[in-house]
Amino acid sequence: MEEKLPKIYSKKTILGFSICFSTLFGGVLLYQNLIEANKKKEAYTVLAISILLTVITGVIVNIPEEPKSSLAYLCGLGGGCLLSYYFMPKYFPDEEKYSKKAIWKPLIIGVVIVAILLALIIYGASVENS
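Throughout what follows, the structure given in this document is the object of discussion. Here the structure is a predicted model, which is why all the values come from computation and not from measurement.

### A closer look at the overall build of the chain
In terms of regular secondary structure, the chain is built from five helices and zero strands. Across its three principal directions, the C-alpha atoms of the chain cover 70 × 25 × 20 Å. Scored against the burial criterion, the 130 residues of the chain give a buried share of 28%. Once local pairs closer than 6 in sequence are excluded, the contacts in the chain between residues at least 24 apart make up 72%. Total accessible area on the chain stands at roughly 8600 Å², and carbon and sulfur atoms take up 67% of it.

Quick look at the structure:
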């Protein structure tokens, strides 16, 4: 009897979320893939690496006097490539055999988080200027 494979997020989804939101976000998607595939040890390793890369991104982005968002996107691209083109093939060498999860749930979560952060930044700036 053939084992039923879980649905997973594709490597393109992981790369896209890493670039648009952060390596941590892409890492959480890959973490969920690994948990679904009963690879807990690997899942926690990927999550730890994603957190580390996100912290490094925060440091790099804030090195210049004027933080540059382009650096965040470049770091997200680098982290996303690591997750998508190193870890995905390593842990899911036969990725094409898996059904793909829809991106709507993480996309909505990501947009809500960004909206909340933007609202806090705008509110903080308005309080600071009053």
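### Overview of the nonpolar core
Within the largest apolar cluster, 17 residues are counted, with the highest numbers of intra-cluster contacts made by Ile-14, Leu-30, Leu-34, Val-46 and Phe-92. Secondary-structure elements contributing two or more residues to this core are helix H1 (11-20), helix H2 (23-36), helix H3 (40-61) and helix H4 (69-91). Apart from residues lying up to four places away in sequence, Phe-92 is in contact with Ile-8, Leu-30, Asn-33, Leu-34, Ala-37, Phe-87 and Tyr-98.

### What about the packing of aromatic side chains?
This structure, assessed with the given rule, holds seven aromatic pairs. Ring geometry for Phe-17 against Phe-25: centres 5.4 Å apart, planes inclined by 15°, an arrangement best described as stacked. Grouping aromatic residues by their ring pairs yields a cluster made of Phe-17, Phe-21 and Phe-25. Sitting over the ring of Phe-92, Lys-39 keeps its end group 5.1 Å from the ring centre.

### Considerations on the layout of surface pockets
Taken as a whole, the largest pocket holds about 410 Å³ of empty space. Along the wall of the largest pocket there are 18 residues; nearest its centre are Phe-21, Phe-25, Gly-110, Ile-113 and Val-114. For the lining of the largest pocket, the secondary-structure elements that each account for two or more residues are H2 and helix H5 (104-128). Residue classes in the lining of the largest pocket are distributed as 14 nonpolar, three polar and one charged. If you add up the space inside the second largest pocket, you get close to 230 Å³. Taken together, 15 residues form the lining of the second largest pocket, with Ile-19, Cys-20, Phe-21, Ala-72 and Tyr-73 sitting closest to its centre. Contributing elements (two or more residues each) for the lining of the second largest pocket: H1, H3 and H4. The element best represented in the lining of the second largest pocket is H4, accounting for five residues.

Calculation criteria
- Residues numbered from 1 in each chain as written.
- Predicted model: local features only at pLDDT ≥ 70, side-chain atom pairs only at ≥ 80, totals over all residues.
- Heavy atoms only, no water.
- Helix = DSSP H or I, 4+ residues; strand = E, 2+ residues; numbered from the N terminus.
- Buried < 20%, exposed > 50% of the residue type's maximum accessible area, 1.4 Å probe, protein only.
- Contact = heavy atoms within 4.5 Å.
- Areas by Shrake-Rupley, 256 points an atom, 1.4 Å probe, with all protein chains shown as cover.
- Core = buried A, V, L, I, M, F, W, Y, C linked by side-chain atoms within 4.5 Å.
- Phe/Tyr/Trp six-rings, centres within 6.5 Å; stacked < 30°, edge-to-face > 60°.
- Lys NZ or Arg CZ within 6 Å of the ring centre and 35° of its normal.
- 1 Å grid on protein atoms, 1.4 Å probe; cavity = no way out; pocket = protein on both sides within 12 Å on 5 of 7 lines; lining within 4 Å.
- Points joined across faces, edges and corners; volume = space filled by probe spheres on them.
- Nonpolar A, V, L, I, M, F, W, Y, C, P; charged D, E, K, R; others polar.

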